[in-house]
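Topology and contacts: notes
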Amino acid sequence: MEKILVTGATGQIGSELTMALRNRFGAANVVAAGHSRPPLSHLRQSGPYCRLDVRDAEAVRQLVEDYQIDTIFHLASLLSAVAEEKPRQAWDINMNGLLNVLEVARVHDCAVFFPSSIGAFGPGTPAMDTPQDTIQRPSTLYGITKVSGELLCDYYYHHFGVDTRGVRYPGLISNIALPGGGTTDYAVDIFYEAVKNGHYDCFLDADTQLDMMYMPDAIGAAIQLMTADSQKLRHRNAFNITAMSFTPGQLAREIQKHLPGFTISYRVDPVRQVIADSWPRHMDDSAARAEWGWRPCFGLPEMVKDMLEKIAVKLDKS
Ligand code: SER
C-alpha cells in the first residue's frame, strides 16, 4: 500500500479515513476524490484532492494512472434512505461506480477495499448473532447493491486475482462529517440535538436495536483489513464487524448520564423504520476476529462520553 486513492473522500467515512491514511502512509501518497459534497478544508489542504464521478470509467482510469495508484478505498455510494428515494441513481452510483473501480484495479493491479453493510442482510436473515455466512435477501435497493457488490468483489478476486477485501459496517457514529441519508443517522443526529437543544425527536422507535460502531474503530478496521496477511483471509467480501448494539431508548439513557435534562420523543418515519426492522440486531463478527484480529476499542459508554465532549467543542458549548 504505497499510493492510495480514496473515492467518496468527502463523505462520513472518507473524511476521516483519508486523514488517517495520510498520517500513516504520507500525505502526498493519499489522493482524496470527492464528488457532491465540498471537502472539509483540512482534507483539501493536507494532500492531493480532486473531483471524481465514479460513474465515469475514463476519469477513474486517468486518476489511477496519473498517480500510479496501487490501493483503492472505494467509499463512494448512496446510503439506504436516499437509495429508496432514487433507486436508479443508487444502482448507477453503487454498482457502475464499483464496476469501474474493479476494472481499473484489474488492469493496473490495485487492491480494493469495498465497504458493505448490515444493509446486505434482509428480513429472512437471523437477526441475533447473524452468522458470517447466512441468508442475504435484502429488501432495500441499497442492500441489493451491497450484496451484489460483495459478489462482484469476490468474482474479481477469484477470476482475475484482484485483491478485494471488505467489511459489513454497522451504523457508524462520528463527529467530523455528517452521514448523508442513512437509516442509522439518528445515532449521530441525537448528539448534535442533545448538545444544542437538550431534546431529540427520533425517527426510529424506542426499541429498534441495531449494531453500531464509533468511527475510530471503523477506520481502524479498514486499514487493519487492508494490511492483513492475505493468506489468512478465508472470507473476503465481506466480514461482519460490530462494536456495540443498542436501541434509541438505551442511547438516550446513556446520554442522560452526562446531560440529565436531555429528553427524547419518537416520531417514526415509516420508510426508515421498515428498513431498520429488516436489518440484524447483532452480528456475529467472530470470522473477522479470527482471520485478521478485528477487535473494537469503543463500547457504548466510551463512545457517548467522547461524542458529547467532541460535539460540545465543535458547537462551542463546552
Ligand atoms: N449506515 C448505513 C445506512 O443507514 C447502513 O450501512 O444507510
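Look up a bit, the structure's there.
Here we summarise the structure given alongside this text.

**Observations concerning the side chain of asparagine 237**
- Structurally, asparagine 237 is set in the loop between α8 (215–226) and β11 (239–240).
- Since its relative accessible area comes to 8%, asparagine 237 is described here as buried.
- Within the structure, asparagine 237 has its side chain in polar contact with the side chain of aspartate 154 (distance 3.0 Å).
- Within polar-contact distance, the side chain of asparagine 237 engages the backbone nitrogen of glycine 166 at 3.5 Å.
- What asparagine 237 contacts, discounting residues up to four positions off in sequence, is Glu150, Cys153, Asp154, Thr164, Arg165 and Gly166.

**Let's talk about the pattern of salt bridges**
- Scanning the model with the defined rule gives 15 salt bridges in all.
- One salt bridge connects glutamate 193 with lysine 196, and the closest N-O pair in it is separated by 3.8 Å. One end of the pair is glutamate 193 and the other is lysine 196, both in helix α7 (residues 186–197) and three residues apart, which spans about a single turn.
- Taking the relative accessible area as the measure of exposure, glutamate 193 reaches 24% and is therefore partly exposed.
- Between aspartate 201 and arginine 267 there is a salt bridge whose closest N-O contact spans 2.4 Å. Linking aspartate 201 in strand β9 (residues 199–202) with arginine 267 in the loop between β13 (263–266) and α10 (270–277), this pair joins segments that are 66 residues apart in sequence.
- The class for aspartate 201 is partly exposed, based on a relative accessible area of 28%.
- On the basis of relative accessible area, arginine 267 is assigned to the exposed category, the value being 61%.

**Examining the packing of aromatic side chains**
- Summed over the entire model, instances satisfying the criterion amount to nine aromatic pairs.
- Ring centres of phenylalanine 73 and phenylalanine 113 lie 5.5 Å apart, and the angle between their planes is 40 degrees; this geometry places the pair in the tilted category. Remark: phenylalanine 113 occurs in strand β5 (residues 111–117) and phenylalanine 73 occurs in strand β4 (residues 71–74); sequence separation between them is 40 residues.
- Taking relative accessible area as the criterion, phenylalanine 113 reaches 0% and is therefore assigned buried.
- Between the NZ or CZ atom of arginine 106 and the centre of the ring of phenylalanine 160, over which it lies, the distance is 5.3 Å.

**Digging into the site of the ligand**
- Near the ligand the following residues occur: Leu79, Ser80, Ser117, Tyr142, Gly182, Thr183, Thr184 and Trp279.
- A distance of 2.6 Å separates an oxygen atom of the ligand from a polar atom in the backbone of threonine 183.
- A distance of 2.8 Å separates a nitrogen atom of the ligand from a polar side-chain atom of threonine 184.
- For the ligand, the accessible surface in isolation is 240 Å², of which the surrounding protein chains cover 92%.
- Classifying every residue of the shell around the ligand gives three nonpolar, five polar and no charged.

**What about unusual backbone geometry?**
- The omega torsion across asparagine 237 and alanine 238 is 10 degrees, close enough to zero to call that bond cis.
- On the secondary structure map, alanine 238 appears in the loop between α8 and β11.
- A positive phi is found at glutamine 68, a non-glycine position, where the angle reads about 50 degrees.
- By secondary structure assignment, the location of glutamine 68 is in the loop between α3 (57–66) and β4.

**Brief notes about the environment of threonine 208**
- Structurally, threonine 208 is set in the loop between β9 and β10 (210–214).
- A relative accessible area of 3% means that threonine 208 is categorised as buried.
- The sequence separation of threonine 208 and glutamate 84 amounts to 124 residues, and the corresponding C-alpha distance is 20 Å.
- Those residues within four positions of threonine 208 in sequence are excluded, and the remaining contacts are Phe246, Thr247, Pro248, Gln273, Ala276 and Asp277.
- Polar side-chain contacts of threonine 208 include one of 3.0 Å to the side chain of glutamine 273.

About the criteria used
- For every chain, the first residue of the written sequence is number 1, and numbering continues from 1 onward in sequence order.
- Given that this is a predicted model, residues contribute local features only at a pLDDT of at least 70 and side-chain atom pairs are listed and counted only at 80 or more, while totals for whole chains, interfaces and linings are drawn from all residues.
- Water and hydrogen atoms play no part in the side-chain values, which are based on all heavy atoms of the structure.
- Going along the chain from the N terminus, every DSSP run of H or I of four or more residues is numbered as a helix, and every run of E of two or more is numbered as a strand.
- The buried label applies to any residue whose accessible area, calculated with a 1.4 Å probe on protein chains only, is under 20% of its type's maximum; exposed applies above 50%, and partly exposed to all values in between.
- Under the rule applied, a polar contact is a pair of N or O atoms within 3.5 Å (in protein, one hydrogen donor and one hydrogen acceptor; residues adjacent in sequence only if both atoms are side-chain atoms).
- Only heavy atoms enter the contact rule, under which two residues are in contact if any of them lie within 4.5 Å.
- By definition, a salt bridge exists where a carboxyl oxygen of Asp or Glu is found within 4 Å of a side-chain nitrogen of Lys or Arg.
- In this scheme Phe, Tyr and Trp rings, the latter by its six-membered ring, pair at centre separations within 6.5 Å, and the angle between planes marks the pair as stacked below 30 degrees, edge-to-face above 60, and tilted otherwise.
- Only lysine NZ and arginine CZ atoms are considered, and such an atom sits over a ring when it is within 6 Å of the ring centre and within 35 degrees of the ring normal.
- Working definition: residue near molecule or strand if any one of its non-hydrogen atoms lies within 4 Å of it.
- Areas reported as accessible are Shrake-Rupley estimates using a 1.4 Å probe. Residue values count occlusion only from the protein chains shown.
- Ten residue types, Ala, Val, Leu, Ile, Met, Phe, Trp, Tyr, Cys and Pro, are classed as nonpolar, four, Asp, Glu, Lys and Arg, as charged, and the remainder, Gly among them, as polar.

The values reported here are purely geometric and, on their own, carry no functional implication.
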